[in-house]
Amino acid sequence: MGGARSALYNWLVARRTGGTFILRIEDTDAERNREEWVEGIYSSLRWLGLDWDELYRQSERADLYREAAEKLFAAGAAYYCDCTREDVVARTGDQNRGYDRFCRDRGLEPGPGRVLRFLVPDEGATVVHDLIRGEPVFEHTAIEDFPLVRGNGSALFILANVVDDVDNRVTHVIRGEEHLPNTPKYLLLWRALGGPEEPVFAHLPVLVNEQRRKLSKRRPEDRVELELYRDEGYLPEAMINYLALLGWGPGGDREFLTLDELMAEFRLEDVNSSPAFFDQKKLLHFNQHYIAALPPEEFVERCRPFVGEQADTAEFQALAPLVQERVKTLAEAPGMVAFLFTDEVAYDEKDWDKRVARHPDAAALLDETAAAFESCLWDADTLRDAVAEIGERHGQGLGKAQFPVRVAVMGKAVGPPLFESMAVLGRERTLNRLRAAQARLGSSA
RNA sequence: GCCCCCAUCGUCUAGUGGCCUAGGACACCACCCUUUCAAGGUGGCGGCACGGGUUCGAAUCCCGUUGGGGGUGCCA
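Read on for an overview of the structure. What you are looking at is a predicted structure, and each value in this text was computed from that prediction instead of being measured.

Regarding helix α18 (residues 418–425), the residues found buried are Leu418, Phe419, Ser421, Met422 and Leu425. On an axial view of α18, the arc spanned by its buried residues comes to 155 degrees, and they lie on one face. Directly beyond the C-terminal end of α18, a positive phi value near 100 degrees is found at Gly426.

This is the structure:
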């Protein structure tokens, strides 16, 4: 989720400035990389509609990184080190102290198991120019001699990133705030590599959960995978809109913006600097709004993965507008229209019990309604008037009187408007269901 | 521990020294509408963390305190 928000902001900046949006797969750690995760990135980005101009994987550029490492070592900007984590902790007595520079002057040559470390200057400080955070200063004494290359010869992420960013002439580094502490290292490396004009940085506020902790894949309840939302029937435009608002606002009282509007109005300089809670409830509200705003034909189209081929029927089409304003996700659509696609109504037993079995006049209501429906005109208004009149005879308002009919025809007490639904269902099927309900009620009584 | 970041209703935000007795949205509550459920409408609840400055005037600028978060990996 955080990555998607970062991607969106990057995409927005690239598109509005005529820049190039580069998708780079940072898979330098072969052991942790999984092909399905990479596929997940592609499909999620495509789902959101964030198209990329260039694509490459760092795992294909190892030669470039090796070359840069050799150059750094030759120039004395980096040195080899054979200390293990345990060695360092044993010497410093501190789990979180960072590397103690033990190997700086040992003159180690490259070799298996030896990491290449960047030699951070003892003096001075590095200033980060950040569009969102101003100019944080990092004293070099507080920066450890960080590793660039693993003992197995592969590049770590910071080396790969700087090499690629120099190579790509990257102008904007827009990423999560958790990377801010890496930035002085990035800058030191950039300069050591003789990079051209430095990029401008924008460190976005992190996305947090209810406990105000950074959203994490490790915590399933954080629900950070986009696929989860796609599969539950969230609309990408709702997700985009909501994500854009996490850390940024268009000013004034507007909240609903299309991708095009975002592109026109988004400014990195206006991004907030404090963490934002990813509120699934508000996302749901956005989704509901976007579903209701869909043209009915498109709603039907988008429901197909959830409703199946039956989504194409004229009955579903006819009811679509009434369904749209009653669902918050596309996944709820089947429950709304299932009654259209069956001959045998599946009763919700609770509703049947409460609204039919224990309804004082259910039997009479069902009988009279069935009789009236035999020959009346078949449109929603007529059907409503008929039931209203029958209800009146029993001293009941339409709100109460419709329940036995509703449960008989649709199987449950909640759903799309009854009379419109019956109009779509047709006389024969409606009558069959009323009779089935009469029989069921009679046999249980 | 050390480094860095952050601080307006519960949440996301508007607000960039006077337009603020702080506006909107989500959530929540009430009422209206109503064929269920929704949607919609109206109203309500609720906030500038605290303390010092600067200024005629501060939510807005400065300092400090407190609180929260991130980093501190041969992960990214």
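Turning next to the protein's contact with RNA strand B. Around RNA strand B, the structure places 64 residues, and the nearest of them are Thr28, Arg32, Arg150, Arg212 and Glu255. Among all atoms of RNA strand B positioned within 4 Å of the protein, those belonging to sugar or phosphate total 67%. Within the backbone of Phe157, an N or O atom sits 3.0 Å from a phosphate oxygen of RNA strand B. A per-element tally of the surface near RNA strand B places helix α17 (residues 398–410) first, with five residues. Counted by class, the surface near RNA strand B contains 24 nonpolar, 19 polar and 21 charged residues.

In space, the three strands of this open sheet follow the order β3-β4-β7, with antiparallel pairing throughout. Each having just a single partner strand, β3 (78–81) and β7 (147–149) make up the two edges of the open sheet. Taken pair by pair, the neighbouring strands of this sheet meet at an average axis angle of 40 degrees, ignoring direction. In the packing of helix α3 (residues 62–74) onto the sheet, contacts are made with β3, β4 (115–118) and β7, and the angle to β3 comes to roughly 100 degrees.

Taking 1.5 Å per residue, 12 residues should reach 16 Å; helix α11 (residues 296–307) reaches only 15 Å between its end C-alpha atoms and comes up short. Taken together, the buried positions of α11 are Phe299, Val300, Cys303 and Val307. Down the axis of α11, the sector holding all buried residues measures 95 degrees, keeping them to one side. For α11, exposure combined with an orientation more than 90 degrees from the buried face picks out Glu297 and Pro305. Lining the buried residues of α11 we find α10 (280–293), α12 (314–324) and α13 (333–337). Positioned one or two residues after α11, Gly308 has a phi angle of 90 degrees, which is positive.

Assignment of secondary structure puts Lys350 in helix α14 (residues 349–357). According to the relative accessible area criterion, Lys350 is exposed, its value standing at 72%. The sequence separation of Lys350 and Arg66 amounts to 284 residues, and the corresponding C-alpha distance is 68 Å.

A few words on the layout of surface pockets. Its volume calculated, the second largest pocket comes out at about 340 Å³. Residue contributions to the lining of the second largest pocket peak at five residues, all from α3. Across the lining of the second largest pocket, the residue classes break down as eight nonpolar, seven polar and five charged.

Between helix α15 (residues 362–375) and helix α16 (residues 380–393), whose axes approach to 10 Å, the crossing angle comes to 145 degrees. Of the two possible hands of crossing, α15 and α16 adopt the one that is right-handed. Here α15 contributes Leu365, Glu368, Thr369, Ala372 and Phe373 to the contact with α16, which in turn contributes Leu383, Ala386, Val387, Ile390 and Arg393. Classifying every residue of the contact of α15 with α16 by side-chain character gives seven nonpolar, one polar and two charged.

Here the focus is the side chain of Asp165. Topologically, Asp165 is positioned in helix α5 (residues 157–167). Within the structure, Asp165 has its side chain in polar contact with the side chain of Arg24 (distance 2.8 Å).

Here we take up the packing of aromatic side chains. Overall, the coordinates contain 16 aromatic pairs when judged by the stated rule. Ring geometry for Tyr186 against Trp190: centres 5.8 Å apart, planes inclined by 20 degrees, an arrangement best described as stacked. Remark: Trp190 and Tyr186 occur in helix α6 (residues 183–192); sequence separation between them is four residues, near one turn of the helix. Of the two residues examined, Tyr186 and Trp190, each falls in the buried class. With centroids separated by 5.4 Å and ring planes inclined at 55 degrees, the aromatic side chains of Trp248 and Phe266 adopt a geometry described as tilted. Residue Trp248 is located in the loop between α8 (236–244) and α9 (259–265), and its partner Phe266 is located in the loop between α9 and β11 (276–277); the two are separated by 18 residues in the primary sequence. Among the aromatic residues, those joined into a ring-pair cluster are Tyr229, Tyr234, Tyr242, Phe256, Phe278, Phe286 and Tyr290.

The next thing to look at is the nonpolar core. Counting residues in each nonpolar core, the largest one holds 95 residues, and the members touching the most others are Met1, Phe299 and Phe373. No other element matches the eight residues that helix α1 (residues 2–17) contributes to this core. Look past the residues within four positions of Met1 in its chain and what remains in contact with it is Leu207, Leu215, Arg223, Val224, Leu226, Tyr229, Met239, Leu243 and Phe278. In this structure, Tyr65, Tyr79, Leu180 and Trp190 belong to the second largest nonpolar core, which totals 40 residues.

Moving on: the pattern of salt bridges. All told, the structure shown has 40 salt bridges when counted by the stated rule. In this structure, the salt-bridge partner of Arg15 is Asp53, at a minimum N-O distance of 3.1 Å. Remark: Asp53 occurs in the loop between α2 (35–48) and β2 (54–57) and Arg15 occurs in helix α1; sequence separation between them is 38 residues. Here Lys214 makes a salt bridge to Glu178, at a shortest N to O gap of 3.9 Å. On the criterion of sequence distance, the pair formed by Lys214 in the loop between β10 (207–208) and α7 (226–231) and Glu178 in the loop between β8 (172–176) and α6 is long-range, its members being 36 residues apart. Taken together, the shared-partner salt bridges connect Arg24, Glu26, Arg61, Asp164, Asp165 and Asp167 into one network.

The rules behind these values
Along every chain, residues carry numbers that run from 1 in the direction the sequence is written. A letter from A marks each chain and a number from 1 marks each ligand, given out in the order of writing. Only residues with pLDDT of at least 70 are given local features in this predicted model, and only at 80 or more are side-chain atom pairs given and counted; all residues enter the totals for whole chains, interfaces and linings. The side-chain values count all of the structure's non-hydrogen atoms but skip hydrogen atoms and water molecules. Between buried and exposed lies partly exposed: a residue is buried under 20% and exposed over 50% of the maximum accessible area for its type, with that area taken using a 1.4 Å probe on protein chains only. Working definition: helices are DSSP H or I runs of at least four residues, strands are E runs of at least two. Numbering for both runs from the N terminus. Read the arc as the range of directions from the helix axis to the C-beta atoms. We call a residue near a molecule or strand as soon as one heavy atom of that residue lies within 4 Å of the molecule or strand. The definition of a polar contact used here is a pair of N or O atoms within 3.5 Å, where within protein one atom must be able to donate a hydrogen and the other to accept one, and adjacent residues in sequence count solely through side-chain atom pairs. The residue classification treats Ala, Val, Leu, Ile, Met, Phe, Trp, Tyr, Cys and Pro as nonpolar and Asp, Glu, Lys and Arg as charged. All others, Gly included, are polar. Paired strands are those between which DSSP finds at least two bridges. What counts as an axis is a line fitted to C-alpha atoms, over the stretch in contact for a helix, and the angles between N-to-C directions run from 0 to 180 degrees. By definition, residues are in contact when any of their heavy atoms lie within 4.5 Å. By this rule, a helix spans an expected 1.5 Å times one less than how many residues it contains. Using protein atoms alone on a 1 Å grid, points that fit a 1.4 Å probe yet trap it form a cavity, whereas open point sets bounded by protein on both sides within 12 Å along at least five of seven lines form a pocket; residues with an atom within 4 Å of a point count as lining. Grid points are joined across faces, edges and corners, and a volume is the space filled by probe spheres set on the points. By the definition used in this description, the sense in which the near helix is turned from the far one sets the handedness, with an anticlockwise turn below a right angle giving left-handed and a clockwise turn giving right-handed. Note on aromatic contacts: the rings of Phe and Tyr and the six-membered ring of Trp form a pair at centre separations within 6.5 Å, being stacked when their planes are under 30 degrees apart, edge-to-face when over 60 apart, and tilted otherwise. In this text, buried Ala, Val, Leu, Ile, Met, Phe, Trp, Tyr and Cys residues form a nonpolar core when linked through side-chain atoms within 4.5 Å. Definition used for salt bridges: Asp or Glu carboxyl oxygen within 4 Å of a side-chain nitrogen of Lys or Arg.

Such coordinate-based values are descriptive only and should not be taken to indicate function.
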